[in-house]
Amino acid sequence: MCIARRGYKPDLMRKDARCTLQFHAFRDFPDRPYKGHNYDCRSATAKGTIEILDRAKAFEAFGDAHEMFMT
C-alpha cells in the first residue's frame, strides 16, 4: 500500500488547477428488468479548473460549493 504524505493532493492542485470529476451509478434489477435489462449503468464526466477555498475565509462560498457537489 502506498501512503502519500499529508498535503500531497492540495500541492498538486496548486501546481495545476485542471481537474476532471467522474460520477458513476450502477443499479441492479435482478427481480424486475429495467428497459429490458437486469442492470442500469450511468455516468457523468465534468472537466474544469479547481479552486481551493479556505473554509474560514470563504465560509459561504465553501458551503455553496459543498452543497452543489453533494447535489
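As the structure is a prediction and not an experimental result, all values here were calculated from the model. (Residues numbered from 1 in each chain as written. Predicted model: local features only at pLDDT ≥ 70, side-chain atom pairs only at ≥ 80, totals over all residues. Heavy atoms only, no water.)

**Quick word on the overall build of the chain**
- Of the regular secondary structure elements, the chain holds two helices and two strands.
- Along its sequence from the N terminus, the chain presents helices and strands in the succession α-β-β-α.
- Taking 2.2 N^0.38 as the reference for a compact globule, 71 residues should give roughly 11 Å; the C-alpha atoms of the chain span a radius of gyration of 18 Å, well beyond that estimate.
- With the C-alpha coordinates of the chain rotated into their principal frame, the extents come out at 50 × 35 × 20 Å.
- Expressed as a percentage of the 71 residues in the chain, the buried residues total 3%.
- Relative to all contacts within the chain whose residues are 6 or more apart in sequence, the contacts with residues 24 or more apart total 41%.
- Working note: accessible area of the chain is about 7100 Å², and carbon and sulfur atoms make up 55% of it.
- Counting 13 positive and 10 negative side-chain charges, the chain places the averaged centre of each group 6 Å from the other. (Helix = DSSP H or I, 4+ residues; strand = E, 2+ residues; numbered from the N terminus. Rg over C-alpha atoms; globule rule 2.2 N^0.38 Å. Buried < 20%, exposed > 50% of the residue type's maximum accessible area, 1.4 Å probe, protein only. Contact = heavy atoms within 4.5 Å. Areas by Shrake-Rupley, 256 points an atom, 1.4 Å probe, with all protein chains shown as cover. Lys, Arg positive; Asp, Glu negative; His and termini not counted. Charge placed at Lys NZ, Arg CZ, Asp CG, Glu CD.)

**Focus on the pairing of strand β1 (residues 18–28)**
- Burial runs low along β1: only zero of the 11 residues are buried.
- Of the pairings in the sheet, the one linking β1 to strand β2 (residues 39–49) comprises 11 bridges and is antiparallel in character. Residue pairing across strands places Cys 19 opposite Gly 48, the latter belonging to β2. (Pairing = 2+ DSSP bridges.)

**Points about a nonpolar patch on the surface**
- Taken together, Leu 21, Phe 23, Phe 69 and Met 70 make up a surface patch of nonpolar side chains, about 410 Å² in accessible area.
- At the level of secondary structure, the elements contributing two or more residues to the nonpolar patch comprise β1 and α2 (59–70).
- On the secondary structure map, Leu 21 appears in strand β1. (Patch = residues over 30% accessible without salt bridge, like charges linked within 9 Å, V, L, I, M, F, W, Y side chains within 5 Å. Salt bridge = Lys/Arg side-chain N within 4 Å of Asp/Glu carboxyl O.)

**Brief notes about the pattern of salt bridges**
- By the definition in use, this model includes two salt bridges.
- Here Arg 14 and Asp 11 are joined by a salt bridge, their closest N and O atoms 3.6 Å apart. Residue Arg 14 and its partner Asp 11 are both found in helix α1 (residues 8–15); the two are separated by three residues, about one turn of the helix.

**Considering the environment of Glu 51**
- On the secondary structure map, Glu 51 appears in the loop between β2 and α2.
- Linking Glu 51 and Met 13, residues 38 residues apart in sequence, is a C-alpha distance of 8.2 Å.

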